[in-house]
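Spelled out, the chains give:
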Amino acid sequence: MAEQQINGAVPINVAVLGGGSFGTALASIAADNNARVRQWMRDEALVAQINQEHRNGRYLPHYAINPAVQASTDLKAVLADASLVLIAIPSKAFRSVVQAAKVWLTPEQILVSTTKGIEPDSFLLMSQVLEQETGFEHIGVIAGPNLASEIADKQLTATVIASADPLTRTRVQQALGCRYFRVYASDDRHGVELGGALKNIYAIAAGMAAALGMGENTRSMLMTRALAEMSRFAVAEGANPMTFLGLAGVGDLIVTCSSNLSRNYRVGHAMGEGRTLEEAVSSLGQVAEGVNTVKLVCAKAREMDVYMPLAEGLSRVLFDGVPAQDMARTLMMGEQSSDVEFILPRESVLQAHRDQPNQHASSQTPSPLKKGG
């Protein structure tokens, strides 16, 4: 039975680009809301399975997709007459798919990225890639604590649509909002998108911490200091720190740092059990965006002189052969500065430390990751 659409909105034509778990779940939600939905993917066998069995055996094998969803390998046919285009393509292939699609895109269409990643060479987020490739006005991002398998089970879930454009925000809320999937609005597109990308880093660290048997206090500290790092970096990039109190910040961070359903968490957990990065990624069988994001963000943070000891410590474990157990030391060896630095600036705490030298400093081990005092 179709879901009742919110606000009495008129059903729209929706195109979903991508055949992964989240794209499939969103396609079915839109169809539940009586939208006319077409889903594009490259795999002809998967297209046939969705159209004939209403099932995505590769990513959501037990999920009954709304039969109204029509899959196709024909990009032109999928985009024809679509007023809302949801782009659920891994960051590595995102630009190439947009370039192939833009021949059939029009400025009136609403383009929304669901991809939580960063383009390596440009350090652009996916909505910025959309903007660069199309120059269109109606561009947004979806991010939040959205484990696709739980959405498929119709468990109560919320997400954020972020855009400076009110029409984009409203249309996405109308197209996707239903009794089990709530869509909240934000105008901080950059902050919401950064939150979605950055939390993947710390999900890997949390998976390692769980595998190493670290306690609840430690894991809580890890998540909270991760939130501080995320917001510090995002503000340096021009985002609003208050965004990180919402679903795309603390909400997404909690779920990806706590759940074995999170791909990034599973990579970290496998490494905490002693597997190499290659073995962990290979056993996953899907893209874990956080692995690439760690390297990119650490390089950018060094360039901007943003203090990110957790990300730096994780980078050393992933790429420099440092044992996973050493990641815990990063938590305890970083500088003891401000808790919430948008209330008490970090520099004020560091200045107080300089004004009042530590009488026991000789007995403490300095942090190898500490920069600028």
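Parameters at a glance
Residues numbered from 1 in each chain as written. Predicted model: local features only at pLDDT ≥ 70, side-chain atom pairs only at ≥ 80, totals over all residues. Heavy atoms only, no water. Helix = DSSP H or I, 4+ residues; strand = E, 2+ residues; numbered from the N terminus. Rg over C-alpha atoms; globule rule 2.2 N^0.38 Å. Buried < 20%, exposed > 50% of the residue type's maximum accessible area, 1.4 Å probe, protein only. Contact = heavy atoms within 4.5 Å. Areas by Shrake-Rupley, 256 points an atom, 1.4 Å probe, with all protein chains shown as cover. Disulfide = S-S within 2.5 Å. Pairing = 2+ DSSP bridges. Axes fitted to C-alpha atoms, helices over the stretch in contact; angles between N-to-C directions. Salt bridge = Lys/Arg side-chain N within 4 Å of Asp/Glu carboxyl O. Patch = residues over 30% accessible without salt bridge, like charges linked within 9 Å, V, L, I, M, F, W, Y side chains within 5 Å.

Asks: So, the overall build of the protein chain: which residues are in play, and what are the values?
Replies: Scanning the protein chain from terminus to terminus reveals 16 helices and 8 strands. Expected size for 373 residues packed as a compact globule is a radius of gyration near 21 Å; at 21 Å, the protein chain falls within 12% of this value. Expressed as a percentage of the 373 residues in the protein chain, the buried residues total 55%. Within the protein chain, residue pairs in contact and separated by at least 24 positions form 71% of the contacts whose partners lie at least 6 positions apart. Within the structure as shown, the protein chain displays about 16,500 Å² of accessible surface, and the carbon and sulfur contribution to it stands at 50%.

Asks: Give a description of the environment of Leu198 that names residues and reports values.
Replies: By secondary structure assignment, the location of Leu198 is in helix α8 (residues 189-211). When the C-alpha atoms of Leu198 and Glu289 are compared, they prove to be 9.6 Å apart, with 91 residues separating the residues in sequence. Among residues more than four places away in sequence, those in contact with Leu198 are Met230, Phe233 and Val297.

Asks: Lay out the state of the cysteines in plain terms, naming residues and giving numbers.
Replies: Enumeration over the complete set of coordinates arrives at 0 disulfides. Free of any disulfide, Cys257 has its nearest cysteine sulfur in Cys298, 15 Å distant. Taking relative accessible area as the criterion, Cys257 reaches 2% and is therefore assigned buried.

Asks: Can you explain the sheet that holds strand β1 (residues 13-17)? Please cite residues and give values.
Replies: Within a beta sheet, neighbouring strands are joined by backbone hydrogen bonds and run either parallel or antiparallel to one another. Strand order across the open sheet formed by 8 strands is β3-β2-β1-β4-β5-β6-β7-β8, with mixed pairing between neighbours. Looking along the sheet, the strands with just one partner apiece sit at the ends: β3 (70-72) and β8 (181-186). Within this sheet the neighbouring strands show an average axis-to-axis angle of 25°, counted without direction.

Asks: Which residues make up the pattern of salt bridges, and what values go with them?
Replies: All chains considered together, the criterion is met by 14 salt bridges. Among the salt bridges present, the one from Glu273 reaches Arg275, with a minimum N-O distance of 3.4 Å. Note that Arg354 is salt-bridged to Glu347, the shortest N-O span being 2.2 Å. Residue class for Arg354 comes out partly exposed when judged on its relative accessible area of 41%. Its relative accessible area of 44% is what places Glu347 among the partly exposed residues.

Asks: Give me the lowdown on a nonpolar patch on the surface, citing residues and values where you can.
Replies: Taken together, the side chains of Val235, Val340, Phe342, Ile343 and Leu344 make up a nonpolar region of the molecular surface, amounting to roughly 450 Å² of accessible area. Within the element layout of this structure, Val340 appears in the loop between α15 (327-333) and α16 (346-355).

Asks: Can you break down helix α10 (residues 247-256) residue by residue, with the values?
Replies: Residues spaced three or four apart along an α-helix face the same direction, because each turn holds 3.6 residues. Summarising burial for α10: 7 of the 10 residues are buried, a large majority. Every buried residue belonging to α10 is among Ala248, Gly249, Gly251, Asp252, Leu253, Val255 and Thr256, and all of these are buried. Tucked inside the fold, the buried residues of α10 contact β6 (139-143), β7 (157-162), α8, α9 (216-236) and α11 (263-272).

Asks: Any chance you could break down the side chain of His190 for me, citing the residues and the numbers?
Replies: Relative to the helices and strands, His190 resides in helix α8. Those residues in contact with His190 that sit more than four places away from it in its chain are Leu125, Gln128, Glu237 and Ala239.

Asks: Would you mind going over unusual backbone geometry in detail, with residue names and values included?
Replies: The residue Asn34 is not glycine, and still its phi comes out positive at about 70°. Tracing the chain through its elements places Asn34 in the loop between α1 (21-32) and β2 (36-40). Accessibility expressed as a relative area gives 43% for Asn34, which makes it partly exposed. Phi at Asp81 takes a positive value of approximately 65°, unusual for a residue other than glycine. With respect to the helices, strands and loops of the structure, Asp81 is situated in the loop between α3 (75-79) and β4 (84-87).

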